[in-house]
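Structural description and commentary
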Amino acid sequence: MKKLIIRTPSGNSAIYCGAGAFAARAGQLSERRLFVVTDSNVFALYSGVINEYFGSCPVHVMPAGERSKNQRRLFSILADMSKSGVTRSYTLVAMGGGVVGDVAGLAASLYMRGIDLVQIPTTLLAQVDSSVGGKTAIDFNGVKNMIGAFYQPSEVIVDPMFLKTLPAREVRCGLGEIIKYGALDENIYEKLTKNAGRLFEESFAEDITYDCIAHKAAVVRADERDTGGMRKTLNLGHTTGHAFELYYKRRSHGEFVLIGMYYEIYIAAKMGVCDPAYGRSLVGLIKKVLGAVPGYDDAGRAALFAKFDKKNTENSQVSMVVPAAPGRSEELVLPVGEYCALISECAARIKEKEI
Ligand code: NAD
Ligand code: GLY
């Protein structure tokens, strides 16, 4: 098990990562007063583990899936905490994927103006990304992550034991964020290209998880509140990914990140920002994980949702972070109309099998 500390102005976060991390830390956790938030799938699989390690503490089980990331669920968790007599001395344990982590993390930040938070991520996506760095949120008014807070977990316990029950589709979602890290970090990119044949292997996930966390930790230390320009790089592929996620809904966040990266690499290559050979290599990784990339008929309309992206400083412009060369990304800002036209063009070329 490896340990890494993220020190930020708002607090420190200790990340325990590797096989045995859960068993090693859960004993200490159980000495505290706990309130556990999880989802229906995780509870069905791990209620025995929760019981064994955390005893009879109150457990809030939310319905699994992105649709729980809303104000009703947030207030239902807060109401349950209040009913259970949770005080400031409690620790909220968010045990699940990114949805549980985001909503429960926001609840921890709000309840009595903030109680201790521990993240136990159980999806690959949550292990490599969402559980680390203190971003919490719910979706609101049709916009992803519109209401939220920066709230650092005191501890994040990343144990690959949870990945054993993860469906292949969810592994693919985690690989979406992992390829994003590959597009930002040369060492991760090299590992991905060298191990392209074993991306879905458990041992590969175990190995690459720490690299992704270490990359994110360095970014969060430098730009915790996403104001210095560095943290927005972690949003590579997400401008289009989030827009498609809001419009099409049918797939999961990680899959839309892969699709968003594909479309944005097309734009970056077309504008001469992304080195063509590097772009092709990233596209190869994306296709290996996702299979065919969809060429949506109405992609231009879906892309309009990028107007709500939090990176934008003007309503009339869309900002996106795109890969340029190994280890180097750039921010592209385009007028909304031009961005939507390029997205439509990319979709049409996919449909015509030209790319
Ligand atoms: P998720 O939380 O919906 O989990 C995906 C599915 O896997 C769910 O059905 C869940 O019940 C199931 N599951 C969880 N653990 C399991 C296990 N061990 N075995 C079997 N099934 C399991 O989705 P996700 O992909 O983990 O997270 C996506 C969310 O994370 C999105 O809402 C996204 O916006 C958010 N996110 C946040 C950040 C951040 O920095 N806060 C970063 C990236 C993504
Ligand atoms: N996943 C984006 C961030 O944490 O900033």
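Okay, so let's go over this structure.

Calculation rules
- Residues numbered from 1 in each chain as written.
- Chains lettered and ligands numbered in written order.
- Predicted model: local features only at pLDDT ≥ 70, side-chain atom pairs only at ≥ 80, totals over all residues.
- Heavy atoms only, no water.
- Pairing = 2+ DSSP bridges.
- Helix = DSSP H or I, 4+ residues; strand = E, 2+ residues; numbered from the N terminus.
- Axes fitted to C-alpha atoms, helices over the stretch in contact; angles between N-to-C directions.
- Contact = heavy atoms within 4.5 Å.
- Near = heavy atom within 4 Å.
- Polar contact = N/O pair within 3.5 Å; in protein donor to acceptor, adjacent residues only side chain to side chain.
- Areas by Shrake-Rupley, 256 points an atom, 1.4 Å probe, with all protein chains shown as cover.
- Buried < 20%, exposed > 50% of the residue type's maximum accessible area, 1.4 Å probe, protein only.
- Parallel < 35°, antiparallel > 145°, perpendicular 65-115°, else oblique.
- Left-handed = near helix turned anticlockwise from the far one by under 90°.
- Nonpolar A, V, L, I, M, F, W, Y, C, P; charged D, E, K, R; others polar.
- Salt bridge = Lys/Arg side-chain N within 4 Å of Asp/Glu carboxyl O.

1. Concerning the sheet that holds strand β3 (residues 34–39)
Strands sit in the order β1-β2-β9-β6-β5-β3-β4 across an open sheet of seven strands; the sheet is mixed. Of all strands in the sheet, those bounded by a partner on one side alone are β1 (2–8) and β4 (59–62). Put simply, the sheet's adjacent strands are angled 15 degrees from each other on average, direction ignored. By the bridge criterion, four bridges tie strand β2 (residues 11–17) to strand β9 (residues 155–158) in an arrangement that is parallel. Its bridge partner being in β9, I15 is matched across the sheet by V156. Its contacts with the sheet place helix α1 (residues 21–29) against β2, β3, β5 (91–96), β6 (116–121) and β9, and it is angled at close to 145 degrees to β9. Where helix α4 (residues 98–110) meets the sheet, it contacts β3, β4, β5 and β6, and its direction lies at approximately 165 degrees from that of β5.

2. Let's talk about the site of ligand 1
Contacts to ligand 1 come from 28 residues, most closely from D39, E66, T122, T123 and T165. Between ligand 1 and the protein, one listed contact pairs a nitrogen atom with a side-chain N or O atom of T122 at 2.7 Å. For ligand 1, whose free accessible area comes to 880 Å², the fraction covered by protein is 91%. Broken down by secondary-structure element, the contributors of at least two residues to the shell around ligand 1 are α2 (40–54), α4, α5 (124–130), β8 (143–150) and α6 (168–184). Here the element with the most residues in the shell around ligand 1 is α2; it accounts for four residues.

3. A closer look at unusual backbone geometry
Although it is not a glycine, M112 adopts a positive phi angle of roughly 50 degrees. If you trace the backbone, M112 turns up in the loop between α4 and β6. Residue class for M112 comes out partly exposed when judged on its relative accessible area of 37%. Not every positive phi belongs to a glycine, and N145 is a case in point at roughly 55 degrees. In this structure, N145 sits in strand β8. Residue classification places N145 among the buried positions, given a relative accessible area of 17%.

4. So, the packing of helix α9 (residues 238–248) against helix α10 (residues 253–270)
For the pair α9 and α10, interaxial distance at closest approach is 7 Å and the crossing angle is 125 degrees. Relative to α10, α9 is oriented oblique. For α9 against α10, the interelement crossing comes out right-handed. Of α10, the residues touching α9 (which contributes H238, T239, T240, G241, H242, F244, E245 and Y248) are H253, F256, V257, I259, G260, Y263 and E264. Of the residues contributing to the contact of α9 with α10, the split by class is six nonpolar, seven polar and two charged.

5. Some thoughts on the pattern of salt bridges
Enumeration over the complete set of coordinates arrives at 23 salt bridges. Across the pair K135 and D226 runs a salt bridge whose closest N-O atoms are separated by 2.9 Å. Of the two residues, K135 sits in strand β7 (residues 135–140) while D226 sits in the loop between α8 (202–222) and α9, which places them 91 residues apart along the sequence. With relative accessibility at 33%, the residue K135 sits in the partly exposed group. Assessed through its relative accessible area of 29%, D226 is described here as partly exposed. Between E245 and K144 there is a salt bridge, with the nearest N and O atoms lying 3.1 Å from each other. Separated by 101 residues along the polypeptide, E245 in helix α9 and K144 in strand β8 bring together distant segments of the chain. The two residues E245 and K144 agree in class, both being buried. Taken together, the shared-partner salt bridges connect R25, R32, D116 and E155 into one network.

6. Digging into the site of ligand 2
Every residue close to ligand 2 is listed here: D129, K135, K216, R231 and L234. Residue R231 places a side-chain N or O atom 2.7 Å away from an oxygen atom belonging to ligand 2. If ligand 2 stood free it would expose 200 Å²; the protein chains cover 87% of that surface. When its residues are assigned to classes, the shell around ligand 2 shows one nonpolar, no polar and four charged.

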